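Coordinates in review
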Amino acid sequence: MKMTLSKQYNNVFFAGVLMTIVAACMPWIARGGEIHPERMTCEYRENPLGIDDPAPRFSWLLSSAKRNQKQSAYEIIVSDNKSDIERRRGNVWTSGKIESNQNVHVVFQGKPLQSFTRYFWRVRVYDGAGKPSKWSEPNWFETAAFHAADWTGQWIGDGRAPFAADEDFYGDDPAPLFRKTFDTRKTVAEARLYISGLGYYEAYLNGDKVGDHVLDPGWTAYDKQVLYVVHDITPLMRKGQNTAGIMLGNGWYNPLPLRFWGALNWRNALATDRPKVVAMVRVTYTDGSSEVIGTDETWQTTPGPTVKNNIYLGEHYDARLADEDWCSALGSKLAWKPAAKAVAPKGVMTAQQQPPIRVTNVLKPVGVKEVRPGVFVFDMGQNFAGVAGIRVKGPAGTVVRMRYGEDAYADGSVNLMTAVAGQIKASNGGPGAPAIAWQEDSYTLKGQGVETWAPRFTFHGFRYVEVSGWPGIPTVDDIEGLRMNADLQRNGQFSSSNTLFNRVDELIQWTFLSNVFSVVSDCPAREKLAYGGDILCAAETFMFNYHMPNFYVKTVVDHANDQRPLGGITETAPFVGIADDGPGDGSGPLGYQAGYSYLVKKLYDFYGDRRIVEQHYDRLRKQAEFLSSRTTDLLFATDLGDHESLTPKNKPLTASIFYYFHVKNLAEFAGILANQADESRYSKLAAEILEAIKKAHFDSRNGQYGTGSQSDQLFGIWSGLLAGEQPDLLTMERLLYTFEEKDWHLSTGIFGTKMLFDVFRAIDRNDVAYRVANQRSFPGWGHMVEGGATTLWETWQYSENTYSHNHPMFGSIGEWFYRSLLGINEAAPGFKRIEIKPQPTGDLSHAQGEFQSVYGTIGSAWKISDTGFDLKVDIPVNTQAEIWIPLSYGNKITETGKLLHEVNQVTSFRSEDNYAVVEVGSGKYHFQTTK
C-alpha cells in the first residue's frame, strides 16, 4: 500500500515529537560524552592480585573518535562486592564528581582497606563540554597482607645447619622438598597461596605446579626487604584431601662462597642462610567461612632430586631420586621428617609488584655438530638468557652434561670463557671452587622411557650448548632454549629505512630481555649484578621499549635498602661488596651512585610519579649531604670515569660533573615537592659546583674541557645543558673536531655515548649523531653487527676470552631512535605535554614508531619523497603536543589536505630553527610539506 507524501511527513513529524518527549523524560538514554575510559590500572597493573599499599592509585586511558579532547572531571566508585559495583554503588569509596583533568595516579581516598580483600572499581569521565561518559566496565584489585600479624605461617626449613667450611658448599646439597596434606570438606569459593621461599621456590598443589612464574621471589637485600608472591589457586583446589608441595632453591640467599676476581665473596655482604620458606593457603568456602593452612612444624620435609643448584655454576638433577607423587594425594615413597622452625629473615615482608619472570620464548637450535667423539655443540642462533631443556631416553644412571657459552671457536667447540663467573679461570675462586667457574647443568637419567627436564633454580647467558654423555646421537629436536626474563610489556616500536638501525634495535631487545631477572643486570652469565652506572645509561631506552614503572620502583627501593650508614649509595644494588673508586663508606663511584637519583627522576619524567620523589627525597638528600661532606673545594678526584672509553679517562672531570648532577637533581626534586628552602639551597650549590668545574676543567680560550677528548667535551657540554646553557662556538668546534679527527667514529665509554646523543639532539646536530651511529667499522654498533653479534657487547672491541657479549649499557642508542629519529619527547611529566620533533638526516628516507605513555599511544611516522615531507602523528586524549615540522623539504604545509589556517585543531603556529611549530590537542594528524 502506498503512503502519500503528507502522511510520510506527518509520520516523520510525530516520530520526531515522540523522540523529543522520550529524550526529555529519559535523559539517561542521551548520547554520552566524547571521551571514554579504558585500560584501567591500579598501581600500573590491570586487575592486580596482591596489593599491599593502603592508598593505591588509579589510572585509566581515554579514547575518543574526535580530536582535541580533554577530560574535565571524573567520578570513581569502589566497592567490596561485585553486586554493588554492577549497580554503580560504591560502599567503600564514592568520590563524587571531581573537577580535574587527572586520569593518572588518582589516589584512593575511601574507607580503610582490609587485608586479603578483593575490591571492585569503576570510573566515568566528563569531556570538555561537561558531558559524562558511560561507566567503565568493573575492574578489581585484591589486597595482600597489610600487617605482619596478618601472616599465619611460620618460616620453616629442613633443619640442616649451614656449612662451616667453604669447600663443603661445593658438594651435593639437595634442594629440600616440603609437603602438607589438608582437608577441605566444604565447597571452595576461592583460595590463595601467599608464599616467600628463599632464595627461590616452586610451589605445587595436588601434583600441579602453581602458576607460571620462575625464579620467584625477586632478589632483594633480605635483611631489609623480603618479597612474597600471591597466587590464585582456586582452580587447583579439590573438595576433600589436598596436598601442597614446595621445592626450594638456593638463589641469592644461599650462594656459593666463590671469590669473584679472586677476592670478593658475596656471602660476606649479603644476608644469607639455608633455604627456608613461609607460606599460607587461605581458603574461603561458599558458605562464607574460611580457614588458613600455614607453614609450621606439621609440614614434612625431605631432600629432593635437585642435588646441587647455584645461580652461577648451574644445576644438577638426579631423576633416580625423584618421586612423581611427592606432592599429590597418591602418596610418596620418599622418607619424610617434620620440618624445622627457621629464623625469619630481618627484612620487611612486601608483596611483589614487579613483573614476574617467565619463560617468554622457546628457541630451537639452528644446527648441531659433533666436535669430539660424544661431544655435541648445539647452536641456538641467538645469544640470550635462560636454560636448555632436554628430551632424552637411555639407561638409568646415564649422566647428560650441558655447558654453556656465548661463542664458538673455529673448530665449532664452545667458547665458555666470556661467560665464566667472576673471571674465576685459574683456580682463584677460593677453597673448593672449580678451577674454571663455567656454567654447567647435568641430568642423571631415571631410565624410564622418554624423560624431559630443564633446570629450575639457575639461569645462564648463552648461544651455544655443549652436550656430552648423551645416550646415542642427539638431534636438534632433543634440545630447546627456554628464554627467561621478567615478563615486561612491550611499550614501543621503532623501524626505519636504515637496516643497520633496525638490526641494532633487535640486538637491544634481546640484550635487554637477557638482563631483567628482578634486577637490571650488567650481564646474565658472569656477574648478573645491578650496577648503577649501567642503569643510568640504559634506563631511558628501557622505558621507551618496555613498561618499566613497577620494575624500576623495585630497583629504586633496592638502592634505598642498601644506602650506606653515612648516606652513600652502593655500586650495585643489592650490595655485594663492590666499591670501586668511591668516596668511602663502601659507597660506589660517583657515576654509579648517580643511577639512584637518575632513576627517580626518570620515573617522574616518564610516568609522572610524584610519589616516588616523596618516598625517596630524604634518602636522596642524605646522599647529597654525604657527597658534600667528602669535598672541600666542590670537586672530586676519584671515579671510574667514562667506563669502557677508548681514550684515557679524566676521572676528576667526570666525578665532579656527576656530583653536580646529584645536587642538580635534588634541587629539582625539592621544587617538585614545593620545598622552597631546599630548592634554593641546592640550586645555589649546583651553580657553585658547575662554576668550580669550569674554573678547574674548562679553557674558554679554545672551548676545551679537560683533555679535549670526545668524552671530556661531551661531559662538559652535557653538564652545561642541564643548567640551560648552550655551548659557545669554540666549544662546539672543539667537539666536532674530536669526531672529525676519528673519521666520525666515537671513542666514548658508556656515559659519554649516552651524552653524545643527548648533546647532538639538544644542539640540533643530528647529522653528526647519525654519521657516528651509522658506522660499520670499529668502533660502533655496526662493527658489532658485522662481527656477528646477536646481543650488544660489553666493549667496543670483540672479546674472545674476557668480556661479556650480552651487556645493555651501550643500548643508549635506542633512546636516540625514539627521541631524535621519531622525535618523541616529554614536555611535561608523564608526557602530559608532548614534543614531536623528528630530526631527519643522512640518507634516512623514513622512520616510524610509537610509544605507549601512561596517557596513551604516541605515534610518529615520517617519510621523505620527491614532493616533500610527510609526517603522521598520534596524540593521546587529554594531552597536548607541540609538533615540529621540518621546512627543509618545503614550506607549504597542509594537514590532511587543508592549509594550517583552515584546521581548527591547530591552536598556534610559529617558525623556529627551520621548523614550523604547531600546537595541537589529541587526535591523529597528517602533515605534509611541499615546495
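Located above this text is the structure these notes cover.
What comes next concerns the included structure. All values derive from a computational prediction rather than experimental measurement.

Quick look at the overall build of the protein
Per the secondary structure count, the protein includes 15 helices and 50 strands. Compactness check: the protein gives a C-alpha radius of gyration of 30 Å against a globular reference of 30 Å for 931 residues, within 12% of the reference. Oriented by its inertia axes, the alpha-carbon framework of the protein measures out at about 90 × 85 × 60 Å. Expressed as a percentage of the 931 residues in the protein, the buried residues total 60%. If you take every contact in the protein between residues at least 6 apart in sequence, the share linking residues at least 24 apart comes to 74%. Of the roughly 34800 Å² of accessible surface on the protein, a fraction of 50% belongs to carbon and sulfur atoms. Across the protein, 94 positive and 106 negative side-chain charges occur, with their mean positions spaced 6 Å apart.

With respect to helix H15 (residues 813-822)
Burial analysis of H15 places 10 of its 10 residues in the buried class, which makes it a mostly covered element. Burial in H15 covers these residues: Ile813, Gly814, Glu815, Trp816, Phe817, Tyr818, Arg819, Ser820, Leu821 and Leu822. Backbone geometry just after H15 places glycine 823 at a positive phi near 80°.

Considering the sheet that holds strand S16 (residues 240-249)
Taking strand neighbours across the sheet as the criterion, the 6 strands line up as S14-S13-S16-S11-S21-S24 in an open arrangement whose pairing is antiparallel. Here the strands that pair on one side only, and so sit at the sheet edges, are strand S14 (208-209) and strand S24 (337-338). Bridge count between strand S11 (residues 176-184) and strand S21 (residues 300-303): 4 bridges; the pairing is antiparallel. Residue pairing in the sheet places leucine 177 in a bridge with threonine 302 of S21.

Let's talk about the pattern of salt bridges
As enumerated under the stated definition, the model contains 61 salt bridges in all. Arginine 192 is the salt-bridge partner of glutamate 190, the closest N and O atoms lying 3.7 Å from each other. A relative accessible area of 5% places arginine 192 in the buried class. Among the ionic contacts, a cluster of salt bridges with common partners joins Glu540, Lys601, Lys602, Asp605, Glu668, Lys754, Asp758, Arg761, Glu815, Arg819 and Glu826.

Quick word on the sheet that holds strand S1 (residues 36-42)
One open sheet accounts for 3 strands, arranged S1-S3-S7; its pairing is antiparallel. Whereas interior strands pair on both sides, the edge strands pair on one side only; in this sheet they are S1 and strand S7 (106-107). With 2 bridges connecting them, strand S3 (residues 57-63) and S7 associate as antiparallel partners. By the bridge assignment for S7, arginine 57 is matched with valine 107.

Considering unusual backbone geometry
Across the junction of leucine 198 and glycine 199, the peptide omega takes the value -5°, indicating a cis bond. Relative to the assigned elements, glycine 199 resides in the loop between strand S12 (188-198) and strand S13 (200-205). Following aspartate 216, the chain continues into proline 217 via a peptide bond in cis, with omega recorded as -10°. Tracing the chain through its elements places proline 217 in the loop between S14 and strand S15 (225-232). At tryptophan 744, a residue that is not glycine, the phi angle is positive and equals roughly 65°. Mapped onto the elements, tryptophan 744 comes out in the loop between helix H11 (729-740) and helix H12 (750-762). Given a relative accessible area of 13%, tryptophan 744 falls into the buried group. One non-glycine residue, aspartate 764, adopts positive backbone phi at about 60°. In this fold, aspartate 764 is placed in the loop between H12 and helix H13 (766-773). With a relative accessible area of 35%, aspartate 764 lands in the partly exposed category.

About the thresholds
Residues numbered from 1 in each chain as written. Predicted model: local features only at pLDDT ≥ 70, side-chain atom pairs only at ≥ 80, totals over all residues. Heavy atoms only, no water. Helix = DSSP H or I, 4+ residues; strand = E, 2+ residues; numbered from the N terminus. Rg over C-alpha atoms; globule rule 2.2 N^0.38 Å. Buried < 20%, exposed > 50% of the residue type's maximum accessible area, 1.4 Å probe, protein only. Contact = heavy atoms within 4.5 Å. Areas by Shrake-Rupley, 256 points an atom, 1.4 Å probe, with all protein chains shown as cover. Lys, Arg positive; Asp, Glu negative; His and termini not counted. Charge placed at Lys NZ, Arg CZ, Asp CG, Glu CD. Pairing = 2+ DSSP bridges. Salt bridge = Lys/Arg side-chain N within 4 Å of Asp/Glu carboxyl O.

Read these as geometric descriptors, not functional statements.
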